[in-house]
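# Breakdown of the fold
Below are the chains, spelled out letter by letter.
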Amino acid sequence: VKAGGARIMSLTDGTSKMSKSDPNDNSRINILDPPDLIRSKIKKCKTDAVVGLEWDNPDRPEATNLLSIYQAVQPGRTREDILEEVGDMSWGQFKPLLADAVVAHLEPMQKRYAEVRADEEYLSGVLRDGAESADAIAGRTLEAARVAMGFAPRA
């Protein structure tokens, strides 16, 4: 997701930041959510009764939020380009389009995650290498602390 889309708001409240710590799982899209769940969350997300979509209307924070999500999962698209495509749509028309765009954006990440998780040998190696690296750093830090406290360095 590009930097401009970094502040994505909750699916249940367009004025609150999307957060993984929100107890309501429907308030967010998790990277590993299956496509059917993503579609369901977007279908249920809070919207208003106004037909047509627009950015930056303080009375329609959910419209701005969902349009921002749509733009964030489609790098290179401008606000103007997106409004030209979806500006006159109803929520019932736009939400499936948004869901498809989010699913398509997350699919490569989900596939890569599944590949990495399936390779136990690779994961064990990464964990082993990380533990060895952390042990070496911790050893140097511990030795520096001993010297700073006046304990003799280890022989």
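Structure shown above.
So, a few notes on the structure that sits alongside this text.

Quick notes on the rules
- Residues numbered from 1 in each chain as written.
- Predicted model: local features only at pLDDT ≥ 70, side-chain atom pairs only at ≥ 80, totals over all residues.
- Heavy atoms only, no water.
- Helix = DSSP H or I, 4+ residues; strand = E, 2+ residues; numbered from the N terminus.
- Buried < 20%, exposed > 50% of the residue type's maximum accessible area, 1.4 Å probe, protein only.
- Areas by Shrake-Rupley, 256 points an atom, 1.4 Å probe, with all protein chains shown as cover.
- Expected span 1.5 Å × (residues − 1).
- Contact = heavy atoms within 4.5 Å.
- Salt bridge = Lys/Arg side-chain N within 4 Å of Asp/Glu carboxyl O.
- Bend = angle between axes of the 7 residues up to and from the residue.
- Axes fitted to C-alpha atoms, helices over the stretch in contact; angles between N-to-C directions.
- Parallel < 35°, antiparallel > 145°, perpendicular 65-115°, else oblique.
- Left-handed = near helix turned anticlockwise from the far one by under 90°.
- Phe/Tyr/Trp six-rings, centres within 6.5 Å; stacked < 30°, edge-to-face > 60°.

### Topic: the overall build of the protein
Helix and strand content of the protein: five helices and zero strands. The principal-axis extent of the C-alpha atoms belonging to the protein is close to 75 × 35 × 30 Å. Classification of the 155 residues of the protein by burial places 32% in the buried group. Here the protein displays about 9900 Å² of accessible surface, and carbon together with sulfur accounts for 57% of that area.

### Remarks on helix 2 (residues 61–72)
Between its first and last C-alpha atoms helix 2 spans 16 Å; for twelve residues at 1.5 Å apiece the expected length is 16 Å, and the two agree. Taken across its twelve residues, helix 2 has twelve buried, putting it largely inside the fold. Among the residues making up helix 2, those that are buried are P61, E62, A63, T64, N65, L66, L67, S68, I69, Y70, Q71 and A72. In this structure, the buried side of helix 2 is in contact with helix 3 (79–86) and helix 4 (91–118).

### What about the pattern of salt bridges?
For the structure on display, the rule yields 13 salt bridges. The shortest N-O distance in the salt bridge between R28 and D25 comes to 3.2 Å. With a relative accessible area of 11%, R28 lands in the buried category. Ionic pairing is found between D33 and K41, a salt bridge with its closest N-O pair at 2.6 Å. Assigned by exposure class, D33 and K41 land together as buried. Several salt bridges converge on common partners, so that one network encompasses D25, R28, D33 and K41.

### Some thoughts on helix 4
For helix 4, built from 28 residues, the straight-helix expectation of 40 Å at 1.5 Å per residue is met to within 8% by its first-to-last C-alpha distance of 39 Å. In helix 4, a bend of some 35 degrees at E107 exceeds every other bend along the element, and P108, a proline, comes one to four places later. For helix 4, the set of buried residues is W91, F94, K95, L98, A99, A101, V102, V103, H105, L106 and Q110. Buried residues along helix 4 sit against helix 1 (35–44), helix 2 and helix 3.

### Remarks on unusual backbone geometry
Glycine aside, residues mostly have negative phi angles, and peptide bonds mostly take the trans form. Positive phi, normally seen in glycine, also occurs at D56, with a value near 65 degrees. For D56, the location among the structural elements is in the loop between helix 1 and helix 2.

### Here's the deal with the packing of helix 2 against helix 3
Two numbers describe how helix 2 lies on helix 3: the axes approach to 11 Å, and their chain directions differ by 110 degrees. In this view, helix 2 runs roughly perpendicular relative to helix 3, as classed from their interaxial angle. Crossing geometry of helix 2 relative to helix 3 is assigned as right-handed. Side by side, helix 2 and helix 3 meet where L67, Y70 and Q71 of the first sit next to R79, I82, L83, E85 and V86 of the second.

### Some points on the packing of aromatic side chains
Under the criterion given, the structure shown has two aromatic pairs. Seen from their ring centres, Y70 and F94 are 5.3 Å apart, and the 75 degrees between their planes marks the pair as edge-to-face. Of this pair, Y70 sits in helix 2 while F94 sits in helix 4, and the two are 24 residues apart along the sequence. A residue is classified by how much of its surface remains accessible, and Y70, at 2% relative accessible area, is buried. Aromatic pair W91 and F94: ring centres 6.2 Å apart, planes at 65 degrees, arrangement edge-to-face. Of this pair, W91 and F94 both sit in helix 4, three residues apart, roughly one helical turn. Residue W91 shares its accessibility class with F94, and that shared class is buried. Clustering of aromatic rings is evident, with ring pairs tying together Y70, W91 and F94.

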